[in-house]
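Below, each chain spelled out in residue letters.
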Amino acid sequence: MSTAVAAGLLVVGTAFLTVSAIGSIRLPDFFTRAHAVAKSETLGLFLVVLGLAVHHGLAAATPRLLFIAFFALIANATAMHAVARAAMRSGHRPLSETPP
Amino acid sequence: MIGHHDSVVVRVIGSLFVPFVLVFGIYVIAHGHYGPGGGFAGGVILTVGVALLRITVGEEESYRRFPLLVGPVAMLVGMFAFVALGLLPLVTGGAFLDYAAVPGTDLEPSRLRYLGILVAEVAIGLAVFGALLWIFDSLVGRRL
């Protein structure tokens, strides 16, 4: 049962990571790419780590995996916030605001 | 000269993360003699923690918590501890860094090697942390 749950979490997490990777290549400007990387990659990483934690059960590795998930959840969003803010301040504008 | 980051999110999260990063660096150093990790990787993680403090909360606060002298002092203490540990076995006729020949204990050689590697990893971690922090402080224009 826990193997099935773990496998499901891993597959869904990998799907999110794949979508995020495709998005960071295919999307047109910096801010949409930042959006793809910040959101779906954070969720994908969270699901993959959660799947590994379910797979291990009550082992010594589980608290460490949950710590990784928790800190990745906060740090990814904060880092992307800082990068997007720096891009805005250094003159990048979203594609929708620039004249064609 | 670096001021504090202008986003309150980055300031708060940065200063909240620093203790956890430092604890993780110590954990990596302490694991170095029987698992992945070691003095080099742990020292770099310690430096990353302090550098994160330097670039998020600003100069006054970060130099109050980790003064400019921390870098050179940690580097010199680590390097001298490592060299002293390496030279210690020479007293009883062992080779350089041959921890089993460290004089003054009645521990068995395998145990002595185990402890010797741990002390060497801690010394390397201190030296790497101090040197990299000193490099960072020099790059942002702070001098002793």
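Coordinates for the structure precede this section.
What this report covers is the structure whose coordinates are included nearby. These numbers come from a predicted model, not from an experiment. (Residues numbered from 1 in each chain as written. Chains lettered and ligands numbered in written order. Predicted model: local features only at pLDDT ≥ 70, side-chain atom pairs only at ≥ 80, totals over all residues. Heavy atoms only, no water.)

## Considering the overall build of chain A
At step 1: Tallying secondary structure elements over chain A gives 3 helices and 0 strands in all.
At step 2: Starting at the N terminus and ending at the C terminus, chain A contains elements arranged as α-α-α.
At step 3: Here the C-alpha atoms of chain A give a radius of gyration of 17 Å, more than 25% beyond the 13 Å that 2.2 N^0.38 yields for 100 residues.
At step 4: Taken along the three principal axes of its C-alpha coordinates, chain A extends 55 × 20 × 15 Å.
At step 5: Looking at the 100 residues of chain A, the share that counts as buried comes to 28%.
At step 6: When contacts within chain A are restricted to residue pairs at least 6 apart in sequence, long-range pairs at least 24 apart make up 66% of them.
At step 7: Surface accessibility of chain A: about 6,300 Å² in total, with carbon and sulfur atoms responsible for 73%. (Helix = DSSP H or I, 4+ residues; strand = E, 2+ residues; numbered from the N terminus. Rg over C-alpha atoms; globule rule 2.2 N^0.38 Å. Buried < 20%, exposed > 50% of the residue type's maximum accessible area, 1.4 Å probe, protein only. Contact = heavy atoms within 4.5 Å. Areas by Shrake-Rupley, 256 points an atom, 1.4 Å probe, with all protein chains shown as cover.)

## Section: a nonpolar patch on the surface
Residue and element names in this part refer to chain B.
At step 1: Taken together, Leu69, Val73, Val77, Val122, Leu126, Trp134 and Leu144 make up a surface patch of nonpolar side chains, about 620 Å² in accessible area.
At step 2: Put simply, the parts of the chain that give the nonpolar patch at least two residues each are α4 (70–87) and α5 (109–139).
At step 3: Locating Leu126 in the fold gives a position in helix α5.
At step 4: Overall, Leu126 belongs to the partly exposed group, its relative accessible area being 33%. (Patch = residues over 30% accessible without salt bridge, like charges linked within 9 Å, V, L, I, M, F, W, Y side chains within 5 Å. Salt bridge = Lys/Arg side-chain N within 4 Å of Asp/Glu carboxyl O.)

## Considerations on the environment of Met88(A)
All names here are of chain A.
At step 1: Mapped onto the fold, Met88 is located in helix α3 (residues 61–89).
At step 2: Since its relative accessible area comes to 33%, Met88 is described here as partly exposed.
At step 3: Setting aside residues no more than four positions away along its own chain, Met88 makes contact with Phe31, Arg93 and Pro94.

## Focus: the interface of chain A and chain B
At step 1: In this assembly, 9 residues from chain A lie in contact with 9 residues from chain B.
At step 2: Here chain A and chain B share an interface that buries about 790 Å² over both sides, 70% of which is from carbon and sulfur atoms.
At step 3: Broken down residue by residue, the surface that chain A buries against chain B is led by Phe71(A), Thr78(A) and Arg85(A), which jointly contribute 48%.
At step 4: Connecting chain A to chain B are 2 salt bridges.
At step 5: In this structure, the salt-bridge partner of Asp6(B) is Arg89(A), at a minimum N-O distance of 2.7 Å. (Buried area = accessible area lost by both parts, 1.4 Å probe.)

## Description of the packing of aromatic side chains
At step 1: This structure, assessed with the given rule, holds 6 aromatic pairs over all chains.
At step 2: Where Phe70(A) meets Phe71(A), the ring centres are 5.4 Å apart and the plane angle is 65°; that geometry is what we call edge-to-face.
At step 3: When its relative accessible area of 18% is taken as the criterion, Phe71(A) is described as buried.
At step 4: On the numbers, 6.0 Å between centres and 25° between planes, the contact of Phe24(B) with Tyr27(B) is stacked. A residue pair is termed a helical-turn pair when its members lie 3 or 4 positions apart in one helix, as Phe24(B) and Tyr27(B) do in helix α1 (residues 8–30) at 3 residues.
At step 5: Taken together through their ring pairs, the aromatic side chains of Phe67(A), Phe70(A), Phe71(A), Phe17(B) and Phe20(B) make up a single cluster. (Phe/Tyr/Trp six-rings, centres within 6.5 Å; stacked < 30°, edge-to-face > 60°.)

## Things to note about the packing of α3(A) against α1(B)
At step 1: Following both chains from N to C, one finds α3(A) and α1(B) inclined at 140°, their axes separated by 11 Å at the closest point. Regarding the angle of α3(A) to α1(B), the classification is oblique. Relative to α1(B), the crossing made by α3(A) is left-handed. Here Arg64(A), Phe71(A), Ile74(A), Ala75(A), Thr78(A), His81(A) and Ala82(A) of α3(A) come into contact with α1(B), specifically with Val9(B), Val10(B), Ile13(B), Phe17(B), Phe20(B) and Tyr27(B).
At step 2: Residue composition of the contact of α3(A) with α1(B), by class: 10 nonpolar, 2 polar and 1 charged. (Axes fitted to C-alpha atoms, helices over the stretch in contact; angles between N-to-C directions. Parallel < 35°, antiparallel > 145°, perpendicular 65-115°, else oblique. Left-handed = near helix turned anticlockwise from the far one by under 90°. Nonpolar A, V, L, I, M, F, W, Y, C, P; charged D, E, K, R; others polar.)

## Looking at the nonpolar core
At step 1: Membership of the largest hydrophobic core is limited to 10 residues, which are Val18(B), Leu22(B), Ile29(B), Leu46(B), Val50(B), Leu53(B), Val57(B), Ala74(B), Phe129(B) and Leu133(B).
At step 2: The contact partners of Leu53(B), leaving out residues within four places of it in the chain, are Ser15(B), Val18(B), Gly58(B), Ser62(B), Arg65(B) and Phe66(B). (Core = buried A, V, L, I, M, F, W, Y, C linked by side-chain atoms within 4.5 Å.)

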